[in-house]
Amino acid sequence: VQLVESGGGLVQPGGSLRLSCAASGFTFSGYVMNWYRQAPGKERELVARITTTGSSTYYADSVKGRFTISRDNAKNTVYLQMNSLKPEDTAVYYCNAVPTLVVGYEYWGQGTQVTVSS
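Residues numbered from 1 in each chain as written. Predicted model: local features only at pLDDT ≥ 70, side-chain atom pairs only at ≥ 80, totals over all residues. Heavy atoms only, no water.

What to know about the overall build of the chain
Per the secondary structure count, the chain includes 0 helices and 11 strands. Start at the N end of the chain and walk to the C end: the helices and strands fall as β-β-β-β-β-β-β-β-β-β-β. A compact globule built from 118 residues should have a C-alpha radius of gyration of about 13 Å, and the chain, at 14 Å, falls within 12% of that. If one aligns the C-alpha atoms of the chain with their principal axes, the spans along those axes are about 45 × 25 × 25 Å. Among the 118 residues that make up the chain, the fraction classed as buried is 43%. Excluding contacts between residues fewer than 6 apart, the proportion of contacts in the chain whose partners are at least 24 apart in sequence is 54%. Side chains of the chain give 10 positive and 8 negative charges; the mean places of these two sets differ by 4 Å. (Helix = DSSP H or I, 4+ residues; strand = E, 2+ residues; numbered from the N terminus. Rg over C-alpha atoms; globule rule 2.2 N^0.38 Å. Buried < 20%, exposed > 50% of the residue type's maximum accessible area, 1.4 Å probe, protein only. Contact = heavy atoms within 4.5 Å. Lys, Arg positive; Asp, Glu negative; His and termini not counted. Charge placed at Lys NZ, Arg CZ, Asp CG, Glu CD.)

This is the structure we're talking about:
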C-alpha cells in the first residue's frame, strides 16, 4: 500500500501549486480521500475532503475559494489545486485515505512540503 504525494515546492505569495497523491495497493474508489496539512508547531488540520465518486467536497474555511480537490479513480490519484497561495499556507501537506465503501485500513502519505514565501 502506498500514497505518494508530489508537487510541493517553493512558491511566491499569490502563486499556485498542484499537489498529486498517487495511490496503490488498495481499492482507491472505495475510499474517501483527504488532504491534511501541518505547519511547524501546529496540529495537523484537515484542508479538503472528497467523496468516493467526487460528487461531494469539503474545504476548511481558511482555503475555501482558493483550493480545489479532485480525483481520478481511473488513475488512482487525488489532486489539490492551490491558488492565491499565502504565507500561512506553508506546511507539510499529507494525503489521507479512509475506507468508506470497502473494508480496509486508513492510510497516510509521507507528506510534501509547500513553502509560500517571497
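Focus on the sheet that holds strand β3 (residues 17–24)
Strand order in the open sheet made by the 4 strands is β1-β3-β8-β7, with antiparallel pairing throughout. Strands with a single pairing partner mark the edges of an open sheet, and in this sheet they are β1 (2–6) and β7 (67–72). Neighbour to neighbour, the strand axes of the sheet diverge by 15° on average, direction disregarded. (Pairing = 2+ DSSP bridges. Axes fitted to C-alpha atoms, helices over the stretch in contact; angles between N-to-C directions.)

Observations regarding the pairing of strand β8 (residues 77–82)
In terms of burial, β8 is a largely internal element, 5 of the 6 residues being buried. Of the strand pairs in this sheet, β3 and β8 are connected by 6 bridges, and their pairing is antiparallel. Across the sheet, L17 pairs through a bridge with M82, a residue of β8. The pairing of β7 with β8 spans 6 bridges and is antiparallel. Following the sheet pairing, T68 is matched in β8 by Q81. As consecutive antiparallel partners, β7 and β8 are separated by 4 residues, and within that stretch N76 has a phi angle of approximately 55°, a positive value.

A few points about the packing of aromatic side chains
Enumeration over the complete set of coordinates arrives at 4 aromatic pairs. For the ring pair F26 and Y107, a centre distance of 5.0 Å and an interplane angle of 35° mean the geometry is tilted. Pair noted here: F26 is in the loop between β3 and β4 (31–38) and Y107 is in strand β10 (residues 107–108), with a separation of 81 residues, a long-range link. Exposure class is identical for F26 and Y107. Each is buried. When the ring of Y36 is compared with that of W108, the centres are 5.0 Å apart and the planes differ by 55°; the resulting orientation is tilted. Of this pair, Y36 sits in strand β4 while W108 sits in strand β10, and the two are 72 residues apart along the sequence. Taking relative accessible area as the criterion, Y36 reaches 17% and is therefore assigned buried. Its relative accessible area of 36% is what places W108 among the partly exposed residues. Over the face of the ring belonging to Y79 we find R18, whose NZ or CZ atom lies 4.0 Å from the ring centre. (Phe/Tyr/Trp six-rings, centres within 6.5 Å; stacked < 30°, edge-to-face > 60°. Lys NZ or Arg CZ within 6 Å of the ring centre and 35° of its normal.)

A look at the state of the cysteines
Taken as a whole, this structure holds 1 disulfide when the rule is applied. Note on cysteine connectivity: C21 is disulfide-linked to C95, with sulfurs 2.1 Å apart. Between C21 and C95 the disulfide shows an S-S torsion of about -80°. By sign, it is left-handed. Separated by 74 residues along the polypeptide, C21 in strand β3 and C95 in strand β9 (residues 91–99) bring together distant segments of the chain. (Disulfide = S-S within 2.5 Å.)

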